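Per-entry structural report
One letter stands for each residue in the lines below.
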Amino acid sequence: MSKELNWMIGGPQGSGVDSSANIFARACGYAGLYVFGKREYYSNIKGEHSYFTLRVSPDIVRSHKDTVDLLATFDADTLIRHGEEVVVGGGIIYDPSQIGIMFSSVPTLEKRIVRELVEKLRLQGLEDNVKGLLEYLRNKGVRLFPIPYTEILKGVGKEIRQTQLSLLERMKNTLAVASSFALLDFELEFLEKAIRETFRAKAKIAEQNVIAARKTYEHVQATYGRTFSIKLERGNNSERRILINGNTAIALGKIVGGYRFQTYYPITPAADESLYLEANEVFELLTPSQIQENPQFEEANYLQDKGSIVVMQSEDEIAAINMAVGAALAGVRASTSTSGPGFSLMMEGIGWAGMNEVPVVITHYQRGGPSTGLPTRHDQSDLRFTIHAAHGEFPKIVYASGDVEECFYDAIRVMNYAERYQVPVIHLIDKALANCTATCSWFNTKAVKIDRGKLLSEKELEEINKNGGYKRFQFTEDGISLRSVLGQKGGIFWNTGDEHDEIGHISEEPVNRKLMMEKRMKKLDLAYREIPKDEKANLFGDLDSDLWVVSWGSPKGAILDAMDALKKQGISLGFFQAKLINPFPKDYAFETLKKAKKIIDVEMNYSAQFSGLLREHTGLEVRHKIVKYNGRPFSFDEIYYGIKKVLLDGDERVVVNYGA
Amino acid sequence: MSKELNWMIGGPQGSGVDSSANIFARACGYAGLYVFGKREYYSNIKGEHSYFTLRVSPDIVRSHKDTVDLLATFDADTLIRHGEEVVVGGGIIYDPSQIGIMFSSVPTLEKRIVRELVEKLRLQGLEDNVKGLLEYLRNKGVRLFPIPYTEILKGVGKEIRQTQLSLLERMKNTLAVASSFALLDFELEFLEKAIRETFRAKAKIAEQNVIAARKTYEHVQATYGRTFSIKLERGNNSERRILINGNTAIALGKIVGGYRFQTYYPITPAADESLYLEANEVFELLTPSQIQENPQFEEANYLQDKGSIVVMQSEDEIAAINMAVGAALAGVRASTSTSGPGFSLMMEGIGWAGMNEVPVVITHYQRGGPSTGLPTRHDQSDLRFTIHAAHGEFPKIVYASGDVEECFYDAIRVMNYAERYQVPVIHLIDKALANCTATCSWFNTKAVKIDRGKLLSEKELEEINKNGGYKRFQFTEDGISLRSVLGQKGGIFWNTGDEHDEIGHISEEPVNRKLMMEKRMKKLDLAYREIPKDEKANLFGDLDSDLWVVSWGSPKGAILDAMDALKKQGISLGFFQAKLINPFPKDYAFETLKKAKKIIDVEMNYSAQFSGLLREHTGLEVRHKIVKYNGRPFSFDEIYYGIKKVLLDGDERVVVNYGA
Amino acid sequence: MELKLTDYKTPIHNDWCPGCGDFGILSSIAIALTEMQIPPHKVAIFSGIGCSSKTPHYLNTYGIHTLHGRAIPFAFGAKIANPDLTVIVATGDGDQLGIGVGHFVHAGRRNFDFTLIVYDNGVYGLTKGQASPTLKLGIRTKSLPKPNLNEALNPIVLALASGYTFIARGYAYDTKHLKELIKQGIEHKGSAFIDVLQPCPTYNDINTKEWYSGEDRLNELGKPMPRVYKLEETGYDPEIRDPQDQDEIKKKILEVILKSYEWGGKIPIGVFYRNRHVSTYEERIASRIPDYYVNPPAKQILYDKDYLPIADITRMLKELEV
Amino acid sequence: MELKLTDYKTPIHNDWCPGCGDFGILSSIAIALTEMQIPPHKVAIFSGIGCSSKTPHYLNTYGIHTLHGRAIPFAFGAKIANPDLTVIVATGDGDQLGIGVGHFVHAGRRNFDFTLIVYDNGVYGLTKGQASPTLKLGIRTKSLPKPNLNEALNPIVLALASGYTFIARGYAYDTKHLKELIKQGIEHKGSAFIDVLQPCPTYNDINTKEWYSGEDRLNELGKPMPRVYKLEETGYDPEIRDPQDQDEIKKKILEVILKSYEWGGKIPIGVFYRNRHVSTYEERIASRIPDYYVNPPAKQILYDKDYLPIADITRMLKELEV
Ligand SMILES: Cc1ncc(C[n+]2csc(CCOP(=O)(O)OP(=O)(O)O)c2C)c(N)n1
Ligand SMILES: Cc1ncc(C[n+]2csc(CCOP(=O)(O)OP(=O)(O)O)c2C)c(N)n1
Ligand code: SF4
Ligand code: SF4
Ligand SMILES: [Mg+2]
Ligand SMILES: [Mg+2]
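Residues numbered from 1 in each chain as written. Chains lettered and ligands numbered in written order. Predicted model: local features only at pLDDT ≥ 70, side-chain atom pairs only at ≥ 80, totals over all residues. Heavy atoms only, no water.

Let us look at the overall build of chain A. When helices and strands are counted, chain A shows 25 helices and 24 strands. The C-alpha atoms of chain A give a radius of gyration of 27 Å, which matches the 26 Å a tight globule of 660 residues would have. Once the C-alpha set of chain A is aligned to its principal axes, its extents read approximately 85 × 60 × 45 Å. Split into buried and exposed, the 660 residues of chain A put 68% on the buried side. A sequence separation of at least 24 residues applies to 76% of the contacts in chain A between residues at least 6 apart. Surface accessibility of chain A: about 20,900 Å² in total, with carbon and sulfur atoms responsible for 48%. The distance from the centre of the 82 positive side-chain charges to the centre of the 87 negative ones in chain A is 3 Å. (Helix = DSSP H or I, 4+ residues; strand = E, 2+ residues; numbered from the N terminus. Rg over C-alpha atoms; globule rule 2.2 N^0.38 Å. Buried < 20%, exposed > 50% of the residue type's maximum accessible area, 1.4 Å probe, protein only. Contact = heavy atoms within 4.5 Å. Areas by Shrake-Rupley, 256 points an atom, 1.4 Å probe, with all protein chains shown as cover. Lys, Arg positive; Asp, Glu negative; His and termini not counted. Charge placed at Lys NZ, Arg CZ, Asp CG, Glu CD.)

Let's shift gears to the coordination of the magnesium ion (ligand 5). Residues and elements named next belong to chain C. Here the magnesium ion (ligand 5) is held by the protein donor atoms Asp-93 (OD), Asn-121 (OD1) and Val-123 (O), which lie 2.2 Å from it. Between the donor residues of the magnesium ion (ligand 5), the gaps in sequence give the motif D-x27-N-x1-V. Placement of Asp-93 in helix α3 (residues 93–99) and of Val-123 in strand β5 (residues 123–124) is noted, with a sequence separation of 30 residues between them. Overall, the relative accessible area of 1% leaves Asp-93 in the buried class. (Donors = N, O, S within 2.8 Å, 3.2 Å for Na, K, Ca; no water.)

Every contact between the two is made by 69 residues of chain A and, on the other side, 68 residues of chain B. Both faces considered, chain A and chain B share a buried interface measuring about 5,800 Å² in area, 57% of it formed by carbon and sulfur atoms. Looking at the side of chain A facing chain B, the largest losses of area belong to A:His391, A:Glu393 and A:Glu508, adding up to 14% of the total buried there. At the junction of chain A with chain B, the criterion picks out eight salt bridges. With a shortest N-O distance of 2.9 Å, B:Arg377 and A:Glu508 are connected by a salt bridge. For the side of chain A that touches chain B, the secondary-structure elements that each account for two or more residues are α14 (340–345), α15 (347–355), α16 (383–387), α20 (510–530) and α24 (609–618) of chain A. Counting residues per element, the side of chain A that touches chain B draws most heavily on α20(A), which supplies eight residues. (Buried area = accessible area lost by both parts, 1.4 Å probe. Salt bridge = Lys/Arg side-chain N within 4 Å of Asp/Glu carboxyl O.)

The subject of this paragraph is the packing of aromatic side chains. Aromatic rings in a pair are described by how distant their centres are and how their planes are angled relative to each other. In total, this model carries 72 aromatic pairs over all chains according to the counting rule given. Ring centres of A:Tyr399 and A:Tyr417 lie 5.4 Å apart, and the angle between their planes is 75°; this geometry places the pair in the edge-to-face category. Here A:Tyr417 lies in helix α17 (residues 404–421) and A:Tyr399 lies in strand β14 (residues 397–400), a separation of 18 residues in the sequence. Comparing A:Tyr399 with A:Tyr417, the two get one shared label, buried. Three or more aromatic residues joined by ring pairs form one cluster here, namely A:Trp7, A:Phe24, A:Phe181, A:Phe186 and A:Phe190. Directly above the ring of C:Trp263 sits C:Lys136, whose terminal nitrogen or CZ lies 4.6 Å from the centroid. (Phe/Tyr/Trp six-rings, centres within 6.5 Å; stacked < 30°, edge-to-face > 60°. Lys NZ or Arg CZ within 6 Å of the ring centre and 35° of its normal.)

On to the site of ligand 3, then. Taken together, A:Ile45, C:Trp16, C:Cys17, C:Cys20, C:Cys51, C:Asn121, C:Gln198, C:Cys200, C:Pro201, C:Thr202 and C:Tyr203 form the complete shell of residues around ligand 3. Bordering ligand 3 are residues originating from chains A and C. Among the residues forming the shell around ligand 3, the class breakdown is eight nonpolar, three polar and no charged. (Near = heavy atom within 4 Å. Nonpolar A, V, L, I, M, F, W, Y, C, P; charged D, E, K, R; others polar.)

Here we come to the interface of chain B and chain C. Taken residue by residue, the interface counts 85 residues in chain B and 65 residues in chain C. Between chain B and chain C, the buried area comes to about 7,000 Å², and carbon and sulfur atoms account for 63% of it. Of all residues in chain B, the largest losses of buried area upon contact with chain C belong to B:Glu315, B:Leu486 and B:Trp494, amounting jointly to 8% of the total for that side. At the boundary of chain B with chain C, the tally comes to six salt bridges.

Okay, the domain arrangement of chain C next. Residues and elements named next belong to chain C. For chain C, the domain assignment lists domain 1 (5–283) and domain 2 (288–319). When each unit is reduced to the centre of its C-alpha atoms, the spacing between domain 1 and domain 2 is 39 Å. At the interface, nine residues of domain 1 touch six residues of domain 2. Among the residues domain 1 hides against domain 2, the three largest losses belong to Ala-81, Pro-83 and Glu-282. Together they make up 57% of the total. Across the domain 1-domain 2 interface, the total number found is one salt bridge. Ionic pairing is found between Asp-84 and Lys-299, a salt bridge with its closest N-O pair at 2.6 Å. On inspection of domain 1 and its partner domain 2, the count reaches four residue pairs in polar contact (both at pLDDT 80 or more). Residue assignment for the side of domain 1 that touches domain 2 shows that the elements contributing at least two residues are α2 (71–81) and α9 (281–286). Looking at the side of domain 1 that touches domain 2 residue by residue, the class counts come to three nonpolar, two polar and four charged. (Domains from an automatic or database assignment. Polar contact = N/O pair within 3.5 Å; in protein donor to acceptor, adjacent residues only side chain to side chain.)

What follows is about helix α7 (residues 172–183) of chain B. All names here are of chain B. Its twelve residues place the ends of α7 16 Å apart at the C-alpha level, agreeing with the 16 Å of an ideal helix rising 1.5 Å per residue. Along α7, the residues classified as buried are Lys-172, Asn-173, Thr-174, Leu-175, Ala-176, Val-177, Ala-178, Ser-179, Ser-180, Phe-181, Ala-182 and Leu-183. At the exit of α7 stands Asp-185, carrying a positive phi of roughly 60°. (Expected span 1.5 Å × (residues − 1).)

Residue and element names in this part refer to chain D. With distances of 2.1 to 2.2 Å, the protein atoms coordinating the magnesium ion (ligand 6) are Asp-93 (OD), Asn-121 (OD1) and Val-123 (O). Written as a sequence motif, the donor arrangement for the magnesium ion (ligand 6) is D-x27-N-x1-V. By the burial criterion, Asn-121 is buried, and Val-123 matches it.

Right, let's talk about the site of ligand 1 for a bit. Neighbouring residues of ligand 1: 22 residues in total, closest A:Glu317, C:Cys51, C:Ser52, C:Asp93 and C:Asp95. Contacts to ligand 1 include C:Val123, whose backbone N or O atom sits 3.0 Å from an oxygen atom. If ligand 1 stood free it would expose 600 Å²; the protein chains cover 97% of that surface. Of all elements in the fold, only α14 of chain A together with α3 and β5 of chain C reach the threshold of two or more residues within the shell around ligand 1.

Before going further, it helps to spend a moment on the relation of the copies chain A and chain B. The transform that puts chain A on chain B rotates by 180° and translates by 0.0 Å along the axis, for an RMSD of 0.0 Å. Between the two chains, the operation in question is that of a two-fold axis. Of every C-alpha in chain A, the one belonging to A:Glu616 sits nearest the axis of rotation, 2.1 Å from it. The share of interface residues of chain A whose copies in chain B are also at the interface is 99%, consistent with both copies meeting through the same surface. (Least-squares fit on C-alpha atoms with pLDDT ≥ 70 in both.)

A cluster of basic residues, A:Lys46, A:Arg170, A:Lys202 and C:Lys142, forms a positive patch on the protein surface. Within the secondary structure, A:Arg170 sits in the loop between α6 (165–168) and α7 (172–183). Accessibility expressed as a relative area gives 65% for A:Arg170, which makes it exposed. (Patch = residues over 30% accessible without salt bridge, like charges linked within 9 Å, V, L, I, M, F, W, Y side chains within 5 Å.)

Read across the sheet, three strands follow the order β10(B)-β9(B)-β12(C) without closing on themselves; strand pairing throughout is antiparallel. Each edge of the open sheet carries a strand with a single partner, namely β10 (306–308) of chain B together with β12 (311–312) of chain C. Sheet topology places strand β9 (residues 282–285) of chain B next to β10(B); three bridges connect them, and they run antiparallel. Bridged to B:Glu284 within β10(B) is B:Lys306. (Pairing = 2+ DSSP bridges.)

All right, on to unusual backbone geometry then. Across the junction of A:Thr268 and A:Pro269, the peptide omega takes the value -5°, indicating a cis bond. With respect to the helices and strands, A:Pro269 occurs in the loop between β8 (259–264) and α11 (271–279). A:Gly369 connects to A:Pro370 through a cis peptide bond whose omega is -5°. Within the fold, A:Pro370 resides in the loop between β13 (360–366) and α16. Unlike most non-glycine residues, C:Gln37 shows phi in positive territory, near 55°.

Here it is, written out as structure tokens:
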């Protein structure tokens, strides 16, 4: 019996699959377990298949697996799509009323899936319906747990005085979760708490679901006893923890990091961040006494008791970036969040911000491209585009987070970079990060200070104006000039997308042009020098190894999990996780990797873009690549076996494809 | 006495500087000489300084020089800005009425220019006005030729019965040109012919200018005799030649290459191409008899006697690219032309074309960036951005022309690539190419065949539909599918920016996704294999040398001219001029350069982007770079001395800055 | 051989929510095409991005599902390249009047021959119910956390100000009426705009089917009093008859505008405005390129039997000769 | 200390063509600000790209010369971040009604407090005279090789359809009148649009100063009969008085539209429309964020004396706690 559980629930979009997975995850969290959750869904509102996998363990888990221990379903599509993922000895919960459904009558199933399954079953002489499939799976050694959903629901209905079945149907999810708990012989109390907490705004619904859960739990335990071989046990956890996804972590980082203006145009998978911010647009502040000693306080003539962030749905992404830049000019920490298509529309705005040295953060959630691509699926294919975004040359910082926790702290950090170096910063996130759920330690809101760089007060401006006058783009040693903001007395400046002089007026004069180009580009050198190593990249594993993995962004979790497993087999690797992507941490990378005999690049894109970047900047050639581009994130298994394949067979290009 | 002449004329924008330079160039062309012209102007309509330099020689010239042999002026600004560029022994033509003008009273002059000049003159005890400057120059050994413009104009006025001086003023330019001819002791007949040809639409104006030219010529020869040491002599030329700039060469390439739909949104320096096309929207065709044997003819039910191109001014660049793509879907060879800011707006459209395998050409004229940058100045800073344009990964071809002649032939070629590989192609041009004037051999319109790739006829579609049906995105060995176009019978397809199946319907299914990604990306491998070496890059110079120059785009001319000069000093280099930028010709580059001891990258951008590309793809590190980013193109001298500096001093980064 | 409704439909799985108004619009387009017997391969339907923009996949014509807000430029390019095509744009209100409103406005100015059908559901369906530009200020649909902060656009007035020469409004659940509007739109030579009231049962609980049919307000007999009514049944005349008559035009414009402001209690559907006297963009091109209609960009022959280009640029080269 | 006109001007070399209408608009802005005595540092002027968009450089206020067509989003961001600012957008007709018309439309819907001044010269000046969206169909200025292929927009109607609550038209050479319009625009709480007829002597030889002043049509006394006339002199009343009175609003709208279609012989300038009763976007925000006006984004304190963040997310974390 493994300590770890891989649980999956699936069902049509809009039927509550997500919230039941959240309940399950929360319950496990209450039980002191670590959770890693992965969410998959179509670009559709209702009816297409969606599913959620949860990996649960007393030890830390940072990725999902390709196999499922217990699959909870209530529709045929989920059974057909995922049945084969269940391990021998694993179990499937299903609604026996689905038995007769023919594969070909499920309209949401892609033809390939049906075709392949039918072939397989026919070979075994089985029917091409759910029944045939279940037989096939049972033959393979999977345990089947039919749950009479309708019957149980009717029972629940009686108890809560609700006879309309269509209203009760919504509780099917709870039934599936509770069945799972019963089979796993796990304490119901955690589930009850999780249900109550999830429906905290709707006490009545919460209680109804608790009743449904109890009834189901009893029924299942009565029916199947403790016959299922996989059990779930409490972990022991002493620290305070949260369960959170990437979108929310970024949003919280922005609130803590002092962002007070956020624009967005709806797009998956970025929009949830903005919606969370909007829902929390007014928030509490810490003790005002501390604030009054803040050097900034003197100029603010109002003692705040709440903070707030204006969240603005713009007419398009062009407006979104430019509104954020306009707000930044007025002195706000401003940002916008988007994904591929929206990012493509922001080029001009980003270039203008670069030219005018405006600090602004663009949180860019990569998704399946090109074009509209796979709007709700994962990819990491915008690396190069992000680095080279917009025509002309100007300094921009690109920074990539590797997990949910990093999302939070990095969101604060990237705005510090933006203001310190007066540049646009692109914070690279991706769909896998945005939509995964992970257990994290309670966020430490005092871990990162706020650094507004060379931002001036009116008092300072007064001083400057006494001594020769203020120039927004004054040439300086390090390229950074003092910054005033719109509305400040004594701080008047001009901005233009044209090349300009120190005050900000258009200038085509070639000597000034050269100096201005150098002034701006110098700031990147400064950032390169100043940003500490541990913000540039994370190193993991055996630093003396001559086997190194290089990667960036969300593959981190699967890589770390795979490294742990490989270590147990005596294979120890080093792992260079790049975070600062531009300016590229070339010395750190070179020093770290120069002695490596084998470097394996792990990336969720076709061209292994990071390996090109590495070679461009360090000359190091990455001979081995593990890549994936089918829209589904790397699993633990893919990295684990992928690395093994490289080590054993010497494969140069391992393309992995798992995930439904 | 050198065989070559460097002539410059300057004056306020809108005063006719360009057309006088054209007249001069044409006249030299008639005299059998080679001409290379460079045009500089502000982003302004009237009043700011503009100038034109012409390098003229019986031998081929492909770049401008930093020095001027004869400077023709009629305003103070030009004198002040360019006076010091004139060589010892060179001459300056000026209007004596400008003598008293103080530098500080010329509003168009940038402060730096005035400051530096004043300092210089003060050191010599000279006044800070035109008089002081002229004295300074004469002391240095420059010959001064005051021309009494007003007096001569009055004389001309009498002859042509025009007494209004303001109307006569327009002829100042002609006076400057004619004065130059007189001083250079060059035949007036060429000038007369050039004037007549330039004003061919306005016979009366032509004659007036001819009269003005004659009068001036006589006056100057009478005044100065043959005292000026520099003379211009006829070349001997037997071939048929044209004098043409990059914008026009591209436009002609498009007409010959079968482009029949062009969109644009006005932007410098791209718009002139579209305006030329619009002015020539209806054009002649070759013998119809030949056409009737064309396999395409059967389906066209109309025997054309004229061809035409629809040129469309769109509401923005987003519309421009998407209109072109829409037209391409209907089977037209369609293109759009733009520059940096417009290109930045085209990202989404380019990605969609990539995803849907639509052949379309984007002619991208680089100019000074970032942002609005230097709208009328030169730069080559969009290389990386162009290669990585748009989110996600999809095949696109990037192709860079190196001179005006290449512009013409490449314009035909890039559309062949687009249709053969069913990809968007970005044709990289730049401001220097767009606006330079060069002598070329008569264009050979039969040099490049038209290759429409796997474009289907209705007859072929009928056949296909008999055998199983047509699929627009059918998986094939090489990734290319047969292509039908809107309106064709039997060719119905669907397009979507979403990932799609072989018919074109949305598909999120991971197996299909993987295959489709591979299908699309494979086409780049095919292009890489099929495009012949001599289209991938040009090699020049000593191919066995261990000194190599690498470059792309417009620096070609200056590099070749510098190589010729260096060769005379016994320094022979090889020159790898990349034309195919994406897919990068890595094997060709590696094979060519691997044995080089020194590689020098010459580029008009800050980061020496091409050297990064080379290292990324071949591992070869370019240690020496000659770069420039002040908005003015490389001169012959800059490359010549730049290379020398690298060779003698071993400089790793030579930043050059010449140009007013 | 007569074409049947099924000839215009594809067997693709339709994933709109049950009860979505999009189904009615889809049917209306298919019926209109069937009744007009336009060969499917002569039709090109363009869409942007959104639930509504999946329409082309369900129709057996050339179907071009483009970018968010950009269907019109694609459609324009195709139509001008090949004026024989019947070009339809079928797209969402967020798509066309939000991010794409610039192209909406400029299409009107060109009056090129196409039919624009906007699925007007007041929300961004596919991104989960944010306010679209036709949702009124202060309204809060069930999908909105807080009331809408933006004033609504009036698409009819906007179309008029932009120059559309055919302006109509339909209702998604009245397919009989809607398909007639679509037919008229297609027949109209010039830019035709049809705003279609489209209930989104999933996110818009304000402008529902029930609301449009007035189920919340019953007459004395207990029967719902529909909000939607047909302009043609009131004797309203949308037609500009004498293009020279400035007074007629002004009067008509004012009528259109008055009608367009009706909302809430009475919502007019039908043709608001039709002006057959404005030149189309194609005609304007033909005034410059005489053989444009017979020899449009898409039909020109480009090379001879040896694949050599046949364009003759001698005239231009001579002008450049030295 | 009283601020003088010179306090609002910069010594930057102005490179507009001699006689350009832009000079008059520039003066009018400077005079309006002087008369209103708004401290220069409280003013932020945004522009797009074009000849006209160089305006901010010539004024001694915060001057933000943005991207082609995008001035409004920049201005919006700044205004919402700091509602104390006086925000003006001064830009070209090509810029704002061509590439930027989408933002123009959506700004109206928001009614945020700013003043939009469009330099309406019928051409794209800085790119050498291509037709702008206000040039009429079939017109050929000297800069055009062929007559214009697009119908003109009516900016007044477009502004009305978009929701602008102050709509006016000025004339570049009547600075006395224009500066009053600008003052009213600035004073107006909400989105104010001023279309300014601006002769471009270099490229537009149709709508010239001479044409506007009627020098081509002399009366019996041999005096020019100006085309431009002032609405206020005809007793025209632009004001919406009772926002509840639907009839008043409709009547006013129709009047505005009728007036806006006057062109050629008689061209009205002055205030077309003013509605002081529509909430501004800032007010709408304040309905969600109670202390928005005193504690707007730009004024909030973010950290304590040790530079540690002061936002307290305990409440949110607790909801996520396991
Ligand atoms: C450039 C870009 N931004 C955002 C999106 C995300 N997106 C997809 S659909 C949609 C809104 C669709 O709304 P609407 O046009 O009203 O169509 P509906 O779904 O209501 O039919 C958006 C914003 C996108 N695809 N592209
Ligand atoms: C994205 C983009 N496209 C094109 C241009 C080129 N451009 C510069 S000014 C201009 C037109 C300006 O016309 P208008 O706004 O009417 O201003 P005017 O010069 O007439 O005052 C254009 C298209 C640009 N700067 N950016
Ligand atoms: S979300 Fe609304 S518009 Fe989209 S399919 Fe569902 S009901 Fe229709
Ligand atoms: S081109 Fe026209 S708008 Fe531009 S500065 Fe000259 S006159 Fe003014
Ligand atoms: Mg919608
Ligand atoms: Mg203009």
